[in-house]
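Fold and geometry: a report
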Amino acid sequence: MFSKILIANRGDVALRVLRACKELNIKTVAIHSTADSEAIHVRLADESVCIGPAPSSKSYLNIPAIITAAQLVGAEAIHPGVGFLSENADFAEIVEAHNIVFIGPKPEHIRCMGDKIEAKITAQKLGIPLVPGSKTDIINFETALQEAKKVGYPLLIKAASGGGGRGMKVALNEEELESAFTSAKSEAKAAFGDDRVYIERYLQKPRHIEVQIIADKFGNTVHLGERECSIQRRHQKVIEEAPSPVIDDKTRNIIGEIASKAVSKMGYLGLGTIEFLYEGNQFFFIEMNTRLQVEHPITEAITGIDLVREQIRIAAGYPLSFQQKDVQFKGHAIECRINAEDPQTFIPSPGTITQFHSPGGLGVRIESCIYSGYKVPPYYDSLIAKLIVHGNDRDQCLLRLKQALKEIVIEPISTTIDLHKQILDTEVMQKGTYDIRWLETKLLNRN
Ligand code: MV4
């Protein structure tokens, strides 16, 4: 096992990784910007290195500074966490070139899934069902017209380098195709320096359901069920639940097997998430994430498996400590993402937290870097806490979550706690009948 890991992240994720390291008896090295010198993960780490000024581009994204820090302290491995450099294939390659282990998949798999066209071709070869559409980049309007005839309307034009919702254009009919195509291409060029685009049939009211997989170096791959992530706003997930309220055991096993076999054939390593749109009882692949995800704790809650621990063990060359038949799904879990934002305008609300009270009780977990006196810096993502609640079934989970949201206190900054309370009070949430458009529509219609 590694004796020292550098954690190339901040916030709740850095703390999450640190805790897993401690359990594995691994020494931890925190890196931080000048804005984060007081951060809890910095205080709890065995060593820490300040790697640059507040802006991420100069600190948490500063590859030379991170590599230098790792060499300075003699870290054998780097955990990239979530966001920042976690899906940067060049970073993974540079880390390995310095004889440091990158805790994540192989660079070629990160790169492949980063290119959404290549990802689709790969997924299709591996037997994963796709959204109907083009599997090459559409070079000109004539090709777009031809492809559109095959795919049908309404359709979406997506950027090959996009993902996470950036660079998508809808065309409802042939009249709209030319302007959608032209603007998608120029926006893709401006945003990603890559003007390749592709076409997909536009699913109008799907759900976003993703399957967690895990693979070791010995060819063992296991799926850990799905997460339902349809409650979102502007491509930011707000609430996630596991299992999905609309997936039964049989369907879970079918899609899980498809996902697990696919990553096995690829020779994939570590944690991965295959994202699907789900509509009309059918799954359609959209993307694969090649990292740990923010919402991983709900999978941990229903499986009892420590995903970060497994991820570190796999990177160190150990086999998975369980097989598919050992994985049992127990109860229901829901995560609420608590952001330091105005609940009406969603404008970030950094500042000092003078009062923090954590909720508690059976099945209640908080993943957070905040404490009384913590100053939320204005430079980074506004996520400050994740509340994860587990119950024996969905109804119990919802009741516990409601109580936990009543108990939690984060003052005086604005947070999205009230938004979560409002969502929980709706019939749609109680019944689990939402789709990816529901929250945004509800917000538009509130007073
Ligand atoms: C789609 C779609 C409908 N039809 N593709 C947005 C993020 C990116 N991962 C893919 N996205 C979508 N792709 C087809 N063919 C609708 C979305 C979409 C979405 C997907 C998942 C979660 C939230 C979303 C919000 C808006 C649009």
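Residues numbered from 1 in each chain as written. Predicted model: local features only at pLDDT ≥ 70, side-chain atom pairs only at ≥ 80, totals over all residues. Heavy atoms only, no water.

Brief notes about the site of the ligand
Taken together, 18 residues form the shell around the ligand, and within it K158, E200, R201, L203 and E287 come nearest. Measuring from a nitrogen atom of the ligand, one finds a backbone N or O atom of R201 at 2.7 Å. The separation between a nitrogen atom of the ligand and a polar main-chain atom of L203 is 3.0 Å. Bound to the protein, the ligand loses 90% of the 510 Å² it would expose on its own. Of all the elements in the fold, those that place two or more residues in the shell around the ligand are β6 (155-163), β8 (197-201), β12 (270-279) and β13 (282-289). Class assignment of the residues belonging to the shell around the ligand gives a composition of 8 nonpolar, 5 polar and 5 charged. (Near = heavy atom within 4 Å. Polar contact = N/O pair within 3.5 Å; in protein donor to acceptor, adjacent residues only side chain to side chain. Areas by Shrake-Rupley, 256 points an atom, 1.4 Å probe, with all protein chains shown as cover. Helix = DSSP H or I, 4+ residues; strand = E, 2+ residues; numbered from the N terminus. Nonpolar A, V, L, I, M, F, W, Y, C, P; charged D, E, K, R; others polar.)

Notes on the pattern of salt bridges
In the structure shown here, the tally under the stated rule is 36 salt bridges. Put simply, K386 and D12 hold a salt bridge, and the shortest N to O gap is 3.3 Å. Placement of the pair is K386 in strand β19 (residues 383-391) and D12 in helix α1 (residues 11-23), with a sequence separation of 374 residues. A salt bridge links E241 to R394; its shortest N-O distance comes to 2.7 Å. A residue pair is termed long-range when its members are at least 10 positions apart, and E241 in strand β11 (residues 236-242) and R394 in helix α12 (residues 394-407) qualify at 153 residues. By relative accessible area, E241 is classed as buried at 0%. Within the structure, one salt-bridge network assembled from shared partners comprises E210, R227, K237, E240, E295, E335 and R337. (Salt bridge = Lys/Arg side-chain N within 4 Å of Asp/Glu carboxyl O. Buried < 20%, exposed > 50% of the residue type's maximum accessible area, 1.4 Å probe, protein only.)

Here we look at the sheet that holds strand β3 (residues 47-52)
Reading across from one edge, β3-β2-β1-β4-β5 is the order of the 5 strands in this open sheet, with parallel pairing throughout. Where the open sheet ends on each side, the last strands, each with one partner, are β3 and β5 (101-102). In this structure, strand β1 (residues 4-7) lies alongside strand β2 (residues 27-33), joined through 4 bridges in parallel fashion. Paired with I5 across the bridge in β2 is T28. Packed onto the sheet, helix α3 (residues 63-73) meets β1, β2, β3 and β4 (77-79) and runs at close to 155° relative to β3. (Pairing = 2+ DSSP bridges. Contact = heavy atoms within 4.5 Å. Axes fitted to C-alpha atoms, helices over the stretch in contact; angles between N-to-C directions.)

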